[in-house]
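Reading the structure
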Amino acid sequence: MDVTTARERLEEMLAELDRSIGVLQGDPVAVREHSAADAGSDLTDADRAQAMLTVATTQRQAIMEALKRIDEGLYGRCVDCGSPVPEGRLEARPEAARCVQCQGKRERRR
Ligand SMILES: [Zn+2]
């Protein structure tokens, strides 16, 4: 995948995420009132919205970093070992910062 395509896809993803984040942050009162009416569930709508917001914010950060790597000419290289990140992986996740091996190591440490 060339960097122009990568940048376009990342910018689309970013716009999409910003919309979701806006909706999630948009109306906390409505979320609270709704969850009070639905108090039977363990996880309230507010908790769910918060969890989604955390995921969206984390992904947004990863996309911002990927765009920065494009600017720096480092896109497509693993940030840990410097090996090229496989094309298929970038197709699936254009924001991927690490090769499969380094990502695996990182997730095992957690
Ligand atoms: Zn690596």
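Structure's up top.
The sections below set out a description of the structure shown in this document. This one's a predicted model, so the numbers in the text were calculated from it and none came from an experiment. Residue positions within a chain follow its written sequence, with the count starting from 1. A pLDDT threshold of at least 70 governs which residues receive local features in this predicted model, and a stricter bar of 80 or more applies before side-chain atom pairs are shown or counted, although totals over entire chains, interfaces and linings include all residues. Based on all heavy atoms of the structure, the side-chain values leave hydrogens and waters out of the count.

A look at the layout of surface pockets
Here a cavity denotes a set of grid points, spaced 1 Å apart and computed over the protein atoms alone, in which a 1.4 Å probe fits but from which it cannot get out, and a pocket denotes an open set meeting protein on both sides within 12 Å along at least five of seven lines; residues with an atom within 4 Å of a point are reported as lining. Grid points are joined across faces, edges and corners, and a volume is the space filled by probe spheres set on the points. In this structure, the largest pocket occupies an estimated 430 Å³ of space. Forming the boundary of the largest pocket are 17 residues, of which Ala-62, Arg-93, Arg-98, Gln-103 and Arg-106 lie nearest the centre. Under the DSSP-based scheme used, a helix requires at least four consecutive residues in state H or I and a strand at least two consecutive residues in state E, with every element numbered from the N terminus. Counting residues per element, the ones that place at least two in the lining of the largest pocket are α3 (45-72) and α5 (100-109). Only Asp, Glu, Lys and Arg are considered charged in this grouping, and only Ala, Val, Leu, Ile, Met, Phe, Trp, Tyr, Cys and Pro are considered nonpolar; every other residue, Gly among them, is considered polar. Split by residue class, the lining of the largest pocket holds 4 nonpolar, 4 polar and 9 charged.

Details of the packing of helix α1 (residues 3-26) against α3
An axis is simply a line fitted to the C-alpha atoms; with a helix, the fit covers only the stretch in contact. Between two such axes, the angle follows the N-to-C directions and lies from 0 to 180 degrees. Between α1 and α3, the shortest axis-to-axis distance is 9 Å and the interhelical angle comes to 155°. Regarding the angle of α1 to α3, the classification is roughly antiparallel. Note on packing geometry: the crossing formed by α1 with α3 is left-handed. The residue inventory of the contact of α1 with α3, partitioned by class, reads 17 nonpolar, 3 polar and 5 charged. An angle below 35 degrees is treated as roughly parallel, one above 145 as roughly antiparallel, one from 65 to 115 as roughly perpendicular, and anything else as oblique. The sense of a crossing depends on the near helix, which, turned anticlockwise from the far helix by less than a right angle, makes the crossing left-handed and, turned clockwise, makes it right-handed.

Some details on the coordination of the zinc ion
Cys-78 (SG), Cys-81 (SG), Cys-99 (SG) and Cys-102 (SG) make up the full set of protein donors to the zinc ion, lying at 2.2 to 2.3 Å. Only nitrogen, oxygen and sulfur atoms within 2.8 Å of the metal, or 3.2 Å for Na, K and Ca, are treated as donors, and water is left out, so sites may look incomplete. Under the classification used here, a metal with four donors is tetrahedral if each angle lies between 85 and 135 degrees, square planar if opposite donors are over 155 degrees apart and the others between 65 and 115, a six-donor metal meeting that same test is octahedral, and anything else is irregular. Classification of the site at the zinc ion rests on its 4 donor atoms, whose angles at the metal span 104 to 116°, yielding the label tetrahedral. Expressed as a motif, the donor residue spacing for the zinc ion is C-x2-C-x17-C-x2-C. Only protein chains enter the accessibility calculation, which uses a 1.4 Å probe; a residue is then buried when its area is under 20% of its type maximum, exposed when over 50%, and partly exposed in between. A relative accessible area of 8% means that Cys-99 is categorised as buried.

Description of α3
With 28 residues, α3 extends 40 Å between its outermost C-alpha atoms, agreeing within 8% with the 40 Å of an ideal straight helix rising 1.5 Å per residue. What α3 keeps buried is the set Asp-45, Ala-49, Leu-53, Ala-56, Ile-63, Ala-66, Leu-67, Arg-69 and Ile-70. One or two positions beyond α3, positive phi appears at Gly-73, with a value near 75°. Here, expected helix span is obtained from the residue count minus one, scaled by 1.5 Å.

Focus: the nonpolar core
Leu-10, Ile-63, Leu-67, Ile-70, Tyr-75 and Leu-90 are the most contacted members of the largest nonpolar core, which totals 21 residues. Broken down by secondary-structure element, the contributors of at least two residues to this core are α1 and α3. With 7 residues, the single largest contributor to this core is α3. Among the buried residues, those of types Ala, Val, Leu, Ile, Met, Phe, Trp, Tyr and Cys that are joined through side-chain atoms within 4.5 Å form a nonpolar core.

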